[in-house]
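# Topology and contacts: notes
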Amino acid sequence: MPEAYIIDAVRTPVTRRGGGLSAVHPADLGAHVITALLARAQAGPGAVDDVVFGCVDTVGPQAGDIARTAWLAAGLPEAVPGVTVDRQCGSSQQAVHFAAQAVLSGTAGLVVAGGVQNMSMVPIGSAMGPEDPFSGSEGWRARYGAEEISQFRAADLIAARWGIGRAEMERYALASHRRAARAIDSGAFDAEIAPCRGVTVDEGPRRDTTLEKMAALRPLREGGTITAALSSQISDGAAALLIASDDAVRRHGLRPRARITHLSARGDDPVLMLTAPIPATAHALKSTGLDLDDIDLVEINEAFASVVLAWQRETGAERARVNACGGAIALGHPLGATGARLLTTLLHALERTGGRRGLVTMCEGGGQANVTIIERV
């Protein structure tokens, strides 16, 4: 059977809106992780068959196929093409899936996959314009009516449907910040980060936050329970992985660190929008014959606290193995880069802890979710 191996994985620090990477052009952020990745893997750039990058809001400096632009900005061979993927928040996780599928099919041997997002430079929603992308569609209105389609409303609806109170979400958010701070202080992220423009660590964790401070915040929506403290942070960053076939490993003398044993994507209610990780996880486990006891570590994107807590209620996942080093509430969510960031963090965490298998999933616009399962080698 063919294999899709992860040879290496690297990321920038994730920085806050207006923070240490806010003025760095997205192409240069992408170029930075691509260059660091190839250097760490000791892979010749001319051997790369394709570059697949995720990015959301591909306008302005993120337009024009940022995968190709980042590769060229790194000074790498013009013969290597690039393609940009938009599966909303799962864009770079899907980029890894496309890279692995190319390798498994035999149509490519070595692919750089990842993502980039500068949300300081290109504000969230820039590609949508003044109206949502659904309002002018007769087919959409016939099927879903004129309901508000909003991630914030969806997060509130999930909290209500699963009976998740604000206090529970605030305890979860506080734990995310504490886990992230411990990970930074212990050096858990050092091996996966390629320092960029003098920034060496993630900027997001709020070490001084408390339950009392969270409780004082106003909800993002009238009558809702979700606040800024229970939401992922607007951030800037990039991440990249090198995906290789068996043959490429042999020909180029590469050392695999993990294999991708499952990749899939599933859809769910686009109005609830953020629930798809629940059926997607169930599908992945059924397809592989595994259960969560076989998974050592899970990374599920903390788009909102209610998303992770609803997923946990449905799956019964043990909290200690889920987002063990904190999540996007503390570390931030540079949209197009987060999937690759989660896979990078997962790979290094499995190696650091001696774990065998890890799973990544995340909610995505349109009511979608990707699932990737990797196994350390």
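Residues numbered from 1 in each chain as written. Predicted model: local features only at pLDDT ≥ 70, side-chain atom pairs only at ≥ 80, totals over all residues. Heavy atoms only, no water.

### Thoughts on the overall build of the protein
When helices and strands are tallied, the protein shows 12 helices and 10 strands. Against the globule reference of 21 Å for 377 residues, the protein gives a C-alpha radius of gyration of 19 Å, in line with a compact fold. For the C-alpha atoms alone, the extent of the protein along its principal axes is close to 60 × 45 × 45 Å. Nonlocal contacts in the protein, meaning residues at least 24 apart in sequence, comprise 82% of its contacts between residues at least 6 apart. Averaging the positions of the 36 positive and the 41 negative side-chain charges in the protein gives two centres separated by 4 Å. (Helix = DSSP H or I, 4+ residues; strand = E, 2+ residues; numbered from the N terminus. Rg over C-alpha atoms; globule rule 2.2 N^0.38 Å. Contact = heavy atoms within 4.5 Å. Lys, Arg positive; Asp, Glu negative; His and termini not counted. Charge placed at Lys NZ, Arg CZ, Asp CG, Glu CD.)

### Remarks on the pairing of strand E4 (residues 82–85)
Looking along a regular strand, one sees side chains alternate from face to face of the sheet. Here strand E3 (residues 50–54) runs beside E4; their pairing, made up of 4 bridges, is parallel. Bridge pairing links Val-51 to Gly-82 in E4. Running through helix H2 (residues 66–73), the crossover from E3 to the neighbouring parallel element E4 is right-handed. (Pairing = 2+ DSSP bridges. Right-handed = clockwise from strand over helix to strand, strands pointing away.)

### Comments concerning the nonpolar core
One finds Met-169, Leu-274, Ile-295 and Val-298 to be the most contacted residues of the largest nonpolar core, which totals 46 residues. When residues of this core are traced back to their parent elements, those giving at least two are helix H5 (151–161), helix H6 (166–186), helix H9 (277–288), strand E8 (297–300), helix H10 (305–315), strand E9 (357–364) and strand E10 (368–376). Residue contributions to this core peak at 6 residues, all from H10. Residues contacting Met-169, with those up to four places away along its chain left out, are Ala-159, Ile-164, Thr-225, Ile-226, Leu-230, Ala-305, Ser-306 and Leu-309. Counting 37 residues, the second largest nonpolar core, distinct from the first, contains Ala-194, Ala-238, Ala-244 and Ala-248. (Core = buried A, V, L, I, M, F, W, Y, C linked by side-chain atoms within 4.5 Å. Buried < 20%, exposed > 50% of the residue type's maximum accessible area, 1.4 Å probe, protein only.)

### Some details on the packing of aromatic side chains
Following the criterion strictly, the structure yields 3 aromatic pairs and no others. With centroids separated by 4.4 Å and ring planes inclined at 25 degrees, the aromatic side chains of Phe-134 and Trp-140 adopt a geometry described as stacked. Relative accessible area serves as the criterion here: at 23%, Phe-134 is assigned to the partly exposed category. Judged by centre distance (4.6 Å) and plane angle (45 degrees), the ring pair of Trp-140 and Tyr-144 falls under tilted. Taken together, the positions of Trp-140 and Tyr-144, both in helix H4 (residues 138–144) and 4 residues apart, correspond to about one turn of that helix. Of the aromatic side chains, those joined through ring pairs into one cluster are Phe-134, Trp-140 and Tyr-144. Of note, Arg-11 hangs over the ring of Phe-189, and the distance from its end group to the ring centre comes to 5.0 Å. (Phe/Tyr/Trp six-rings, centres within 6.5 Å; stacked < 30°, edge-to-face > 60°. Lys NZ or Arg CZ within 6 Å of the ring centre and 35° of its normal.)

### Details of H5
Inspection of H5 places Arg-153, Ala-154, Ala-155, Asp-156, Ile-158 and Ala-159 among the buried residues, and these make up the whole buried set. In this structure, the buried side of H5 is in contact with H6 and H10. N-capping of H5 is provided by Ser-150, with a side-chain oxygen placed 3.1 Å from the backbone N of Phe-152. In the segment just after H5, Gly-163 is the residue with positive phi, at about 65 degrees. (Polar contact = N/O pair within 3.5 Å; in protein donor to acceptor, adjacent residues only side chain to side chain.)

### Examining the pairing of E8
Along E8, one buried face is formed by Leu-297 and Glu-299 and the opposite face, lined by Val-298 and Ile-300, is buried too. With 4 bridges connecting them, E8 and E9 associate as parallel partners. Within E9, the residue paired with Ile-300 across the bridge is Thr-361.

### Observations concerning the pattern of salt bridges
Per the counting criterion, the structure on display carries 17 salt bridges. Glu-148 serves as the salt-bridge partner of Arg-221, at 3.4 Å between the closest nitrogen and oxygen. Of this pair, Arg-221 sits in the loop between helix H7 (211–215) and strand E6 (235–244) while Glu-148 sits in the loop between H4 and H5; the two residues are 73 residues apart in sequence, bridging distant segments of the chain. Here Glu-170 ties to Arg-166 by a salt bridge, and the two come within 2.6 Å at their closest N and O atoms. Highlighted residues: Glu-170 and Arg-166, both in helix H6, separated by 4 residues, approximately one helical turn. Several salt bridges share partner residues, and in doing so they unite Asp-8, Arg-257 and Glu-351 into one network. (Salt bridge = Lys/Arg side-chain N within 4 Å of Asp/Glu carboxyl O.)

### Side note on the side chain of Asn-370
Mapped onto the secondary structure, Asn-370 falls in strand E10. Since its relative accessible area comes to 0%, Asn-370 is described here as buried. Beyond its immediate sequence surroundings of up to four residues, Asn-370 is in contact with Arg-87, Gln-93, Gln-94, His-97, Ser-264, Ala-265, Val-360, Thr-361, Met-362 and Glu-364.

### A closer look at H10
Within H10, 8 of the 11 residues are buried, which leaves it mostly tucked inside the rest of the structure. Here H10 has its buried residues at Ala-305, Ser-306, Val-307, Val-308, Leu-309, Ala-310, Trp-311 and Gln-312. Residues of H10 that are buried sit in contact with H5, H6, H9, E8, helix H11 (328–331) and E9. In the segment just after H10, Gly-316 is the residue with positive phi, at about 75 degrees.

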